[in-house]
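Read off the chains here:
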Amino acid sequence: MSTARALPIADSDAFAHPPLVRPARRLDRLRSSAVRDLLAHARRPDMISFAGGLPSADGFDGDGVRAAFEEVLADHRHALQYGESEGEPELRAALAEWMSGNGAPADAEHLLVTTGSQQALDLVARLMLDDGDAVAFARPTYLAALSVFRLAQADLLGLACDEQGPLPESLDRAARAHGRLRLLYLVPDFANPTGETIGLDRRRALLEVAARHGIVVVEDNPYGALRFAGESVRSMAALAETVSASGASPCVISVSSLSKVMAPGLRIGWLVLPESLFAAAVRIKQALDLHTSTLIQLAAARYLASGRLQARLPALRTLYGERHQALERALGRHFGEALSLNRPQGGMFVWARLRDDAIVESSAWLQRGLAHGAIFVPGEAFYDATPDTATLRLSFATNPPERIDIGVARLLAAWREARAAG
């Protein structure tokens, strides 16, 4: 029998003082999401939230989605098995048809299903960016995209904008100043956070500059089907076929999602890529998670095939249009000229700015709003640097009109309190 004894913990510095474990240095640039940080507050029963970019649960088709899952599970041997990394052929075909029907031609053979559009953006960054490469985007822009590009160690180049979108000359200057500008990231329709739409001529001009400098355009379009006013604008992917500069044609990668029109809990997103990039993108998808859930993909495909989503879109657009109007009216009634607002024609967001920004910053206003039971996202979260601290994003999607008016009244009380506090 061995006479060895256990080493007392007190005798070992290794046990008494464990070494400090440090995460990878690339995380140093990664910030916590301001929107995700507010979700716990948004769940309070007394809270009226204009913060999260959540679609309206009133628009979910529970019966139709349930029926799709039941139909798929009737033949569960396939639905519960591993699937193809590219995505289920049935869903890829349905998504390509959905895109084409909404003015963005897509080939199912070059469509890659992802676990939400956030994974699609991460995949693009892994596919296209080396450390020190640059990404250009409109200022302000989608904060979760900024997180992806920060994690990829990219240089962030915010572009000057006007009411039509990013200025082509700003993109041209950025490309000339930075020798490794690889991507132009855009949300052309009802952008998050500003709600703005890039005009047709501006889209063409940006594509021409991108083609001239060899910049790949990433067109992120989760909101395009939610237009409740105005005329639709051709997608950048469709326009790319008609644009050339210095003998070169622009390259566009399309990103989209079913989260805003069907249900975010399904986590169905996708990419449409040029043929030359598709195989490499599939290899990255394999490394990330092998494939997106087979069961959920097949249920989504059956739901799309049923025609229920297309049939429900007019009511969903009407719902969002009414809620946008309710928010705009409430802000005008309670705040008068204190706030300047954009005028979105679709999507889920209103972008506002305090006219007298010397009095109170939106982050200080938010802190008062938490106590009054109404919250929003301060605009500074959507900037890469030097934010406009007098701005804020308000989502109108999740609250009915009467609740919107109560929430705006609470925001007014919080703003007055913040002003009084200086």
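Rules used throughout
Residues numbered from 1 in each chain as written. Predicted model: local features only at pLDDT ≥ 70, side-chain atom pairs only at ≥ 80, totals over all residues. Heavy atoms only, no water. Helix = DSSP H or I, 4+ residues; strand = E, 2+ residues; numbered from the N terminus. Rg over C-alpha atoms; globule rule 2.2 N^0.38 Å. Contact = heavy atoms within 4.5 Å. Expected span 1.5 Å × (residues − 1). Buried < 20%, exposed > 50% of the residue type's maximum accessible area, 1.4 Å probe, protein only. Polar contact = N/O pair within 3.5 Å; in protein donor to acceptor, adjacent residues only side chain to side chain. Lys, Arg positive; Asp, Glu negative; His and termini not counted. Salt bridge = Lys/Arg side-chain N within 4 Å of Asp/Glu carboxyl O. Axes fitted to C-alpha atoms, helices over the stretch in contact; angles between N-to-C directions. Parallel < 35°, antiparallel > 145°, perpendicular 65-115°, else oblique. Pairing = 2+ DSSP bridges. 1 Å grid on protein atoms, 1.4 Å probe; cavity = no way out; pocket = protein on both sides within 12 Å on 5 of 7 lines; lining within 4 Å. Points joined across faces, edges and corners; volume = space filled by probe spheres on them. Nonpolar A, V, L, I, M, F, W, Y, C, P; charged D, E, K, R; others polar. Phe/Tyr/Trp six-rings, centres within 6.5 Å; stacked < 30°, edge-to-face > 60°.

J.: When you look at the overall build of the chain in this model, what are you seeing that I'm missing?
T.: Summing up its helical and strand segments, the chain has 16 helices and 15 strands in all. Relative to the compact-globule value of 22 Å for 422 residues, the chain shows a C-alpha radius of gyration of 24 Å, a close match. Dimensions of the chain, computed from the C-alpha atoms along their principal axes, are close to 85 × 65 × 55 Å. Within the chain, counting contacts between residues at least 6 apart in sequence, those at least 24 apart form 75% of the total.

J.: Even after reading the chapter, I still don't get helix α7 (residues 116-128), so can you show me in this structure?
T.: Three or four residues apart is the spacing at which side chains of an α-helix point the same way, because the helix has 3.6 residues per turn. Helix length check: α7 (13 residues) gives 19 Å between terminal C-alpha atoms against 18 Å at 1.5 Å per residue, within 8%. Taking burial as the measure, the 13 residues of α7 include eleven buried ones, the bulk of the element. Within the sequence span of α7, burial applies to Gly116, Ser117, Gln119, Ala120, Leu121, Asp122, Leu123, Val124, Ala125, Leu127 and Met128.

J.: Please explain the environment of Thr115 as it appears in this structure.
T.: Of note, Thr115 is situated in strand β2 (residues 111-115). Here Thr115 falls in the partly exposed class, since its relative accessible area comes to 30%. Discounting residues that sit within four places of it in the chain, Thr115 has contacts with Arg267, Lys285, Asp289 and Thr292. Here the side chain of Thr115 touches Thr292 through a polar contact of 3.0 Å, side chain to side chain.

J.: For this particular structure, what's the right way to read the side chain of Arg227?
T.: One can find Arg227 in the loop between β8 (216-220) and α11 (236-240). No salt bridge is formed by the buried Arg227. Its closest oppositely charged neighbour is Asp189, at 4.3 Å. A distance of 2.8 Å separates a polar side-chain atom of Arg227 from the backbone oxygen of Ala229. A polar side-chain atom of Arg227 sits 2.9 Å from a polar atom in the side chain of Gln345.

J.: Please clarify how the packing of helix α13 (residues 294-306) against helix α14 (residues 308-335) should be interpreted in this entry.
T.: Relative orientation and spacing of two packed helices are given, respectively, by the angle between their axes and the distance between those axes. Packing of α13 against α14 leaves a shortest axis separation of 5 Å and a crossing angle of 70 degrees. Here α14 runs roughly perpendicular to α13, going by the angle between their axes. Taken together, the residues of α14 that come into contact with α13 (itself represented by Tyr303, Leu304 and Ser306) are Arg308, Leu309 and Arg312.

J.: When you look at the sheet that holds strand β11 (residues 339-341) in this model, what are you seeing that I'm missing?
T.: For sheets, the rule is that strands pair by backbone hydrogen bonds, running either parallel or antiparallel. What the four strands build is an open sheet, ordered β11-β12-β15-β14; its pairing is antiparallel. Both edges of this open sheet fall to β11 and β14 (377-378), since each of them pairs with a single strand only. Two strands pair when backbone bridges link them, and strand β12 (residues 349-354) and strand β15 (residues 391-395) are joined in this way by five bridges, in the antiparallel orientation. When the bridges of β15 are listed, Val350 appears paired with Leu394.

J.: Is there a simple way to think about the pattern of salt bridges in this case?
T.: Pairing between side chains becomes possible if they bear opposite charge and their charged atoms approach one another. Within this structure, the stated rule accounts for 22 salt bridges. A salt bridge links Arg312 to Asp61; its shortest N-O distance comes to 3.9 Å. In this pair, Arg312 sits in helix α14 while Asp61 sits in the loop between β1 (48-49) and α4 (62-73), placing the two residues 251 residues apart along the sequence. Classification of Arg312 as partly exposed rests on a relative accessible area of 30%. A relative accessible area of 6% means that Asp61 is categorised as buried. A single network of salt bridges, built from pairs that share partners, joins Asp61, Arg308 and Arg312.

J.: For this particular structure, what's the right way to read helix α16 (residues 401-421)?
T.: Across its 21 residues, α16 extends 30 Å between first and last C-alpha, which sits within 8% of the 30 Å expected from 1.5 Å per residue. Taken together, the buried positions of α16 are occupied by Ile404, Gly407, Val408, Leu411, Leu412, Ala414, Trp415 and Ala418. Contacts made by the buried residues of α16 are with β1, α14, β12, α15 (362-372), β13 (374-375) and β15. Backbone geometry just downstream of α16 places Gly422 in the positive-phi region, at approximately 75 degrees.

J.: I tried to follow the layout of surface pockets on my own but got confused; where do I start?
T.: Within this model, the second largest pocket holds a volume of roughly 470 Å³. Around the second largest pocket, the lining comprises 26 residues; the ones closest to its centre are Asn102, Asp189, Asn221, Gly224 and Ala225. Within the residue set of the lining of the second largest pocket, elements represented by two or more residues are α6 (89-101) and β9 (251-257). Top contributing element to the lining of the second largest pocket by residue count: β9, with four residues. Looking at the lining of the second largest pocket residue by residue, the classes come out as eleven nonpolar, nine polar and six charged.

J.: How should I be thinking about empty space enclosed by the protein in this particular structure?
T.: Empty space left among the atoms is revealed by rolling a probe the size of a water molecule over them. In total, this model carries one cavity of 30 Å³ or more according to the counting rule given. Roughly 40 Å³ of volume is contained in the largest cavity. Every residue along the wall of the largest cavity is listed here: Pro55, Ser56, Gly59, Phe60, Ser259, Lys260, Val261, Met262, Leu316 and Tyr320. Partitioning the lining of the largest cavity into residue classes produces six nonpolar, three polar and one charged.

J.: Would you take a moment to explain unusual backbone geometry for this structure?
T.: Peptide bonds are trans in most cases, and residues, glycine excluded, mostly fall at negative phi. For the bond running from Arg139 to Pro140, omega is -5 degrees, close enough to zero to count as cis. Assignment of secondary structure puts Pro140 in the loop between β3 (134-138) and α8 (143-151). Cis rather than trans, the peptide bond between Asn192 and Pro193 has omega equal to 20 degrees. Examined against the element boundaries, Pro193 turns out to sit in the loop between β7 (181-186) and α10 (200-213). A positive phi angle, close to 65 degrees, is found at Gln153, a residue other than glycine.

J.: Can you help me understand the packing of aromatic side chains in this one?
T.: Any aromatic ring pair is given by two values, namely how distant the centres are and how the planes are angled relative to each other. In this structure the tally under the stated criterion is eight aromatic pairs. Where Tyr223 meets Phe349, the ring centres are 5.8 Å apart and the plane angle is 85 degrees; that geometry is what we call edge-to-face. In this pair, Tyr223 is assigned in the loop between β8 and α11 and Phe349 in strand β12, connecting sequence segments 126 residues apart. For the pair formed by Tyr223 and Phe349, the shared burial category is buried. Geometrically, the ring pair formed by Phe228 and Phe396 is edge-to-face, given 6.1 Å between the ring centres and 70 degrees between the ring planes. Here Phe396 lies in the loop between β15 and α16 and Phe228 lies in the loop between β8 and α11, a separation of 168 residues in the sequence. Overall, Phe396 belongs to the buried group, its relative accessible area being 0%.

Scope: geometric values only; no functional claims are made or implied.
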